[in-house]
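# Architecture at a glance
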Amino acid sequence: MAPSFDWWAKGSHKGTPVVVKMENPNWSMVELEGPSEDDFLIGNTPTGQREKARGKNAKQLTWVLLLKAHRAAGCLTSIASTLVSLGSAIRRRVASGRTDTDNETDDTPSNENKTIKTRFYNCIKVFLWLSLLLLGFEIAAYFKGWHFGAPKLQLQYIFTAPFGVRDLFDWLYSRWVLIRVQYLAPPLQFLANVCIILFLIQSLDRLVLCLGCFWIRLKKIKPIPKTDAAADLESGEDGFFPMVLVQIPMCNEREVYQQSIAAVCNLEWPKSKILIQVLDDSDDPTTQLLIKEEVHKWQQEGAHILYRHRVIRDGYKAGNLKSAMSCSYVEDYEFVVIFDADFQPTPDFLKRTVPHFKDNEDLGLVQARWSFVNKDENLLTRLQFINLSFHFEVEQQVNGVFLNFFGFNGTAGVWRIRALEDSGGWLERTTVEDMDIAVRAHLQGWKFIFLNDVECQCELPESYEAYRKQQHRWHSGPMQLFRLCLPDIIRAKISVWKKFNMIFLFFLLRKLILPFYSFTLFCIILPMTMFVPEAELPAWVVCYIPATMSFLNILPAPKSFPFIVPYLLFENTMSVTKFNAMISGLFQLGSAYEWVVTKKSGRSSEGDLVSLVEKEPKHQRRVSEPNLDEIKAELQQEQKARKKKHNRIYKKELALAFLLLTASARSLLSAQGIHFYFLLFQGISFLLVGLDLIGEQVL
């Protein structure tokens, strides 16, 4: 029972009440009153009343202090429990011994050569062991009295140091300093200067993009369809309703097939003018049966939907789409819409995208923006949301408005079928078939439109393993494509500015230079400058410009501002994966051709669930009787998948974590404040990612 506070009501205070809720369930609430004007009239107030008021205020202050102490104790308790759970997670992860070199599943074998796979990791290990050796050497030299940094080198002392048995270490260290000054520092400083120049160019490009986005918002620029086209949509069957083909490519994605098929079948478009193709590449018989049954149910509801299954999965997604476009009935359709298996378009998606094609014969693609149903699921999804918000809000929108060209995102887009055919159709030569078709269409003169106000909901990868594989494909594929398309770009009959934009900005700067300098500058050169202090990185390169760029990146997602520091550290952490992928794609290594379907969790938004409840009551009642054998097989499959799902230890990230932490310890000897804090927190970031503590936690 809550204690009585009748004594609080005694007196005649008329101040402003302040209600403070207490977290302890044994207390209800306390109402604190602010001082009134009479409390400040000390001269005219009797002594008894002043003492009474003073005692009352003292009690109020006591309750406030107790409340703050209670909250502080709660915070300390939560921090302690978090640290305990973190420690137990680390212990389980280390005890399990599962690393990124283990095959995740038996049905997804890796195409990567093991020799190539370990070469990059061995290079990082060499830097790590070298840094540990140099750290021990530097600590010993520090205690021997060698306390100077790069600006304070006194070479005269080095040459005049006496030689003897006791001075053997001094002689060795003096020789090491001379080697640093004469042989190591110049090339390291040159490489650092090159990376700094690339860093500044890329930062300038990002600043220009942000200014372009600001100009679009200021002038309220956005693509608007023809007024008569918008009116035709409201006029009924005789209006502007071209034949539309909707394709849903999927492969073993049993978690999301129901919601994607349901969302597409609820698109507002005349049934006689739309055909839905479910392109199933699944090799799991149970998944095939479930998807086929779902399609059959919607056919009974009157939806114009077909099920297609390929026995041989050649060419992955590109081969699937190419096979579907070869059907004879495709000739009757003018546009094709593509949705990946986890995408849930709103019912008015076609009404807001297709009208842009009317009386615009040069338009080949209309791309919609992605939104995410699980952006707040964990820290990993929050950081991905920041990155993708900048990609759509700034990069795609600015390029679409000012250049009429951007990379197709592979889904949530409407293509004119004639543009696809004119560009050569879908090709299986890279793992980024969406970017491939966009580049070839642009070289043929087709224009693109990006609609920032039309959103299509989807899922973000919730585990670091899935995100890592997705990013590897997204960064190795563009380098494959660049090698293949460079001659075509040079020979294309487009303006010099468009060739420059495609070669330098689209491919080199944003796909090659960005991962190169991010990894080289912040993960290799910066730690090495701690052990070779004669080569220096200015503080503005380490701190100020990266912080400014992170601030610009987070502007499209202002609610994510508290995550600006984790975002900066995580982007540098991901540079090791992106750099490895870029090298694999550029030099056609084995992992460049690896395609792994991104794992989904099957999350639906609240709006989607309400829509399905309102629009499909009959459909829910007409579900056929369950087959016990199917359910048993499905449960066994889920248990098998659950056993295979686990967290891992990532060796490259852990090796880089120890390298950066070793360099931060060395920076303490030369009292480099900003460099120390950056290396320390970046090393901790690599450590958390290496132990797989940033995303979904399974084991």
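These numbers come from a predicted model, not from an experiment.

## Examining the overall build of the protein
- Along the protein, the regular secondary structure elements total 21 helices and nine strands.
- Expressed as a percentage of its 699 residues, the buried residues of the protein come to 49%.

## Comments concerning the side chain of Ser260
- When you line up the elements, Ser260 lands in helix H6 (residues 257-265).
- Side-chain polar atoms of Ser260 contact the backbone oxygen of Tyr257, separated by 3.1 Å.
- Once you skip the residues sitting within four places of it in the chain, Ser260 turns out to touch Ile248, Met250, Asp340, Ala341 and Phe343.

## A closer look at the packing of aromatic side chains
- A complete count under the given rule lists 27 aromatic pairs for this structure.
- Arranged with centres 5.7 Å apart and planes meeting at 45°, the rings of Phe522 and Phe678 form a pair that is tilted. Of this pair, Phe522 sits in helix H14 (residues 496-531) while Phe678 sits in helix H21 (residues 673-690), placing them 156 residues apart in sequence. For the pair formed by Phe522 and Phe678, the shared burial category is buried.
- Cation over ring: Lys375 sits above Phe385, and NZ or CZ is 5.7 Å from the ring centre.
- When the ring centre of Phe506 is taken as reference, the NZ or CZ atom of Lys511 above it lies at 4.3 Å.

## Section: the sheet that holds strand S7 (residues 363-372)
- The seven strands lie next to each other as S5-S4-S3-S6-S8-S7-S9, forming an open sheet whose pairing is mixed. Two strands close off the open sheet at either side, each with one partner strand: strand S5 (305-309) and strand S9 (447-458). Ignoring which end each strand starts from, the neighbouring axes of this sheet average 20° apart.
- By the bridge criterion, seven bridges tie strand S3 (residues 244-250) to strand S4 (residues 274-280) in an arrangement that is parallel. Within S4, the residue paired with Val246 across the bridge is Ile276.
- Relative to S5, helix H7 (residues 285-300) is tilted by about 160°, and along the sheet it contacts S3, S4 and S5.

## Quick notes on the packing of helix H13 (residues 464-491) against helix H16 (residues 564-586)
- Close contact between H13 and H16 brings their axes to 7 Å; oriented N to C, the two are set at 40°. Taken together, H13 and H16 sit at an angle that is classed as oblique. Considering how the two elements wind past one another, H13 and H16 form a crossing that is right-handed. Every residue of H16 that contacts H13 at Tyr464, Tyr467, Arg468, Gln471, His472, His475, Ser476, Met479, Gln480 and Arg483 is listed here: Phe570, Met574, Thr577, Lys578, Ala581, Met582, Ser584, Gly585 and Leu586.
- Here the residues of the contact of H13 with H16 are counted per class, giving eight nonpolar, eight polar and three charged.

## Observations regarding unusual backbone geometry
- Although it is not a glycine, Asp359 sits at a positive phi angle of roughly 55°.
- The residue Asp359 is located in the loop between helix H9 (349-353) and S7 in this model.
- Asp359 sits in the exposed class, given a relative accessible area of 53%.
- Positioned with a positive phi, Asp692 is a non-glycine residue whose angle comes to about 60°.
- Mapping Asp692 onto the fold places it in the segment after H21.

## Considerations on a nonpolar patch on the surface
- Taken together, Phe214, Trp215, Leu218, Ile221 and Phe402 make up a surface patch of nonpolar side chains, about 520 Å² in accessible area.
- Sort the elements by how many residues they give to the nonpolar patch and helix H4 (residues 168-219) lands first, with three residues.
- Among the structural elements, Phe214 can be located in helix H4.

## Brief notes about a negative patch on the surface
- Taken together, the side chains of Glu331, Asp332, Glu421 and Asp422 make up a negatively charged region of the molecular surface.
- You can see Asp332 is positioned in the loop between helix H8 (316-325) and strand S6 (335-338).
- Look at Asp332 and you get exposed, because its relative accessible area is 53%.

## Here we look at the nonpolar core
- Core analysis: the biggest nonpolar cluster contains 88 residues, and Ile261, Phe349, Trp415 and Val439 have the highest contact counts within it.
- The element best represented in this core is S9, accounting for seven residues.
- Excluding anything up to four places from it in sequence, Phe349 contacts Leu267, Val337, Phe339, Ala368, Ala412, Val414, Val454 and Cys456.
- One finds Leu509, Met530, Leu656 and Leu660 within the second-largest nonpolar core, a separate group that totals 61 residues.

## Describing H7
- Between the first and last C-alpha of H7 there are 23 Å, a value that for 16 residues agrees with the 22 Å anticipated at 1.5 Å per step.
- For H7, the set of buried residues is Thr286, Thr287, Gln288, Leu290, Ile291, Glu294, Val295, Lys297 and Trp298.
- Of the residues flanking the end of H7, it is Gly302, one or two places downstream, whose phi is positive at about 105°.

## Observations concerning the packing of helix H15 (residues 539-554) against H21
- Running from N to C, H15 and H21 point in directions that differ by 60°, and their axes come no closer than 9 Å. The angle between H15 and H21 falls in the class oblique. As for how H15 packs across H21, the hand of that crossing is left-handed. Within the contact between the two elements, H15 uses Ala539, Val542, Cys543 and Tyr544 and H21 uses Ile674, His675 and Phe678.

## What about the pairing of S4?
- Burial within S4 is extensive, with seven of its seven residues counted as buried.
- With burial as the criterion, each face of S4 is covered, one bearing Ile274, Ile276, Val278 and Asp280 and the other bearing Leu275, Gln277 and Leu279.
- Between the parallel pair S3 and S4, the chain is carried across by H6, and the sense of this crossover is right-handed.
- Note: S4 against S5, five bridges, orientation parallel. Paired with Val278 across the strands is Tyr307, a residue of S5.

## Some remarks on the environment of Glu334
- Within the secondary structure, Glu334 sits in the loop between H8 and S6.
- For the pair Glu334 and Trp415, spaced 81 residues apart in sequence, the C-alpha separation works out to 8.8 Å.
- Once residues within four sequence positions are removed from consideration, Glu334 is found in contact with Pro242, Met243, Trp415, Arg416 and Ile417.

## Regarding the environment of Cys195
- Following the sequence through the fold, Cys195 ends up in helix H4.
- Sequence-wise, Cys195 and Ile525 are 330 residues apart; in three dimensions their C-alpha atoms are separated by 9.2 Å.
- Every residue in contact with Cys195, bar those within four places of it in the chain, is listed here: Phe516, Tyr517, Thr520, Leu521 and Ile525.

## Looking at the confidence of the model for the protein
- Predicted confidence across the protein gives a mean pLDDT of 81, with 74% of residues reaching 70 or more.
- Segment residues 104-113: pLDDT under 50, and 16 contacts once partners within four positions in sequence are set aside and those in other chains are kept.
- Every residue in residues 609-626 scores below 50 in pLDDT, and together they form 19 contacts with partners more than four places removed in sequence or on other chains.

## What about the pairing of S3?
- In terms of burial, S3 is a largely internal element, seven of the seven residues being buried.
- Neither face of S3 is left uncovered, since the one carrying Val244, Val246, Ile248 and Met250 and the one carrying Leu245, Gln247 and Pro249 both have all their residues buried.

The rules behind these values
- Residues numbered from 1 in each chain as written.
- Predicted model: local features only at pLDDT ≥ 70, side-chain atom pairs only at ≥ 80, totals over all residues.
- Heavy atoms only, no water.
- Helix = DSSP H or I, 4+ residues; strand = E, 2+ residues; numbered from the N terminus.
- Buried < 20%, exposed > 50% of the residue type's maximum accessible area, 1.4 Å probe, protein only.
- Polar contact = N/O pair within 3.5 Å; in protein donor to acceptor, adjacent residues only side chain to side chain.
- Contact = heavy atoms within 4.5 Å.
- Phe/Tyr/Trp six-rings, centres within 6.5 Å; stacked < 30°, edge-to-face > 60°.
- Lys NZ or Arg CZ within 6 Å of the ring centre and 35° of its normal.
- Pairing = 2+ DSSP bridges.
- Axes fitted to C-alpha atoms, helices over the stretch in contact; angles between N-to-C directions.
- Parallel < 35°, antiparallel > 145°, perpendicular 65-115°, else oblique.
- Left-handed = near helix turned anticlockwise from the far one by under 90°.
- Nonpolar A, V, L, I, M, F, W, Y, C, P; charged D, E, K, R; others polar.
- Patch = residues over 30% accessible without salt bridge, like charges linked within 9 Å, V, L, I, M, F, W, Y side chains within 5 Å.
- Areas by Shrake-Rupley, 256 points an atom, 1.4 Å probe, with all protein chains shown as cover.
- Salt bridge = Lys/Arg side-chain N within 4 Å of Asp/Glu carboxyl O.
- Lys, Arg positive; Asp, Glu negative; His and termini not counted.
- Charge placed at Lys NZ, Arg CZ, Asp CG, Glu CD.
- Core = buried A, V, L, I, M, F, W, Y, C linked by side-chain atoms within 4.5 Å.
- Expected span 1.5 Å × (residues − 1).
- Right-handed = clockwise from strand over helix to strand, strands pointing away.
- pLDDT = per-residue confidence, 0-100.

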